[in-house]
Amino acid sequence: MRKPLVVALCALALAGAGVTPAVAAAPTPTGADTAAGAGAGSGSGSATVLDVVDGVAGTATDTLSGLTGPKAAAVNFAGTVSLSNCSGSVVRLPHSADDDPALVLTNGHCLESGFPAAGEVLVDRASSRSFGLLNSAGSRVATLRANRLVYATMTDTDAAVYRLGTTYAQIRSAYGIDALTLSATRPAAGTAISVVSGYWKRIYTCSVDGFAHRLKEGNWTWKDSVRYTPACDTIGGTSGSPVVDDATGKVVAVNNTGNEDGARCTVNNPCEVDANGVVTVRQGINYAQQTYPFTACFGTGSRLDLGASGCTLPKP
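Here is what the cut-offs are and how they apply
Residues numbered from 1 in each chain as written. Predicted model: local features only at pLDDT ≥ 70, side-chain atom pairs only at ≥ 80, totals over all residues. Heavy atoms only, no water. Helix = DSSP H or I, 4+ residues; strand = E, 2+ residues; numbered from the N terminus. Buried < 20%, exposed > 50% of the residue type's maximum accessible area, 1.4 Å probe, protein only. Polar contact = N/O pair within 3.5 Å; in protein donor to acceptor, adjacent residues only side chain to side chain. Contact = heavy atoms within 4.5 Å. Disulfide = S-S within 2.5 Å.

Attention now moves to unusual backbone geometry. Non-glycine residue Lys-201 carries a positive phi angle of around 55°. Take Lys-201: it is sitting in the loop between strand E10 (192-197) and strand E11 (202-217). On the basis of relative accessibility, which here comes to 8%, the residue Lys-201 falls in the buried class. Positive phi, close to 60°, is recorded for Ser-302, a residue that is not glycine. Structurally, Ser-302 can be placed in the segment after strand E17 (286-290). For Ser-302, a relative accessible area of 1% corresponds to the buried category.

A few words on the environment of Trp-220. One can find Trp-220 in strand E12 (residues 220-228). At 2.8 Å, the side chain of Trp-220 forms a polar contact with the backbone oxygen of Pro-116.

So, about the environment of Ser-128. Relative to the helices and strands, Ser-128 is located in the loop between strand E5 (121-126) and strand E6 (130-134). Separated by 20 residues in the primary sequence, Ser-128 and Arg-148 have C-alpha atoms spaced 7.2 Å apart. Aside from chain neighbours lying at most four places away, what touches Ser-128 is Arg-145 and Ala-146.

Here we take up the state of the cysteines. Taken as a whole and judged by the stated rule, the model has four disulfides. Note on cysteine connectivity: Cys-206 is disulfide-linked to Cys-232, with sulfurs 2.1 Å apart. Taking the sign of the S-S torsion, about -100° here, the bridge from Cys-206 to Cys-232 comes out left-handed. In this pair, Cys-206 sits in strand E11 while Cys-232 sits in the loop between E12 and strand E13 (242-245), placing the two residues 26 residues apart along the sequence.

This is the structure in structure tokens:
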């Protein structure tokens, strides 16, 4: 989980704002190699509560958007969203219908209510959360609003899915923007990827370096996490950004944390734990949680079915 305080202050200075933003604590990315024995604490994600206030930083992000733009021709901001404290994206399943209510994906640590506890799974909660919808150039073209928090957890994965009161077809008709599609298959090491932050309106490009059997940060533990190559040096506020496979344009993961200071298994300093319990700390390296498991857990009408065949998401 990541805290964007320094970046936010710089952005505010550029925007000519004289207000100091409030900042929440969130998962962060880090990673210099330091091996150690077993026994690690839990972890929490990359850009997490590390997200600054949306109202104050909104002007700052608009300013930054002029300095940082898409870096991959095939990947842009269309379909991504900005939250009050994080990034996210409008997503659909491979089998979604155009008249299904649209879904928004972000991190579990980005919830308005704060971080879910280790072992906690939230399902079907009322929500009126708003999201700023971006077009391909990164301009905000609309405000979308949720009517339900469908699913959220920081156990095994770090993800939250909201359902909107708007269908995919209505979004396309009104704004000419399609949802991003979740890939139904696990990404492979070496895959070229783009981490697309709607909060900062910035795109990071790198590759999948490999996978962490277990990623521990503070009280949280995530399974089979994606590890980026160093070029994806994501910052606070990028929590919840979709990780897009450059070749297919599909979402393969959701950005969530990184090891900032080289500490071992503490908040903002996740550590990797292999199948034998060996702990590795990679300062400056960032991580994401795979999203293909979600494709087996939703049926028609964008309805969650945790009992569906093949659904492996944690249950309440």
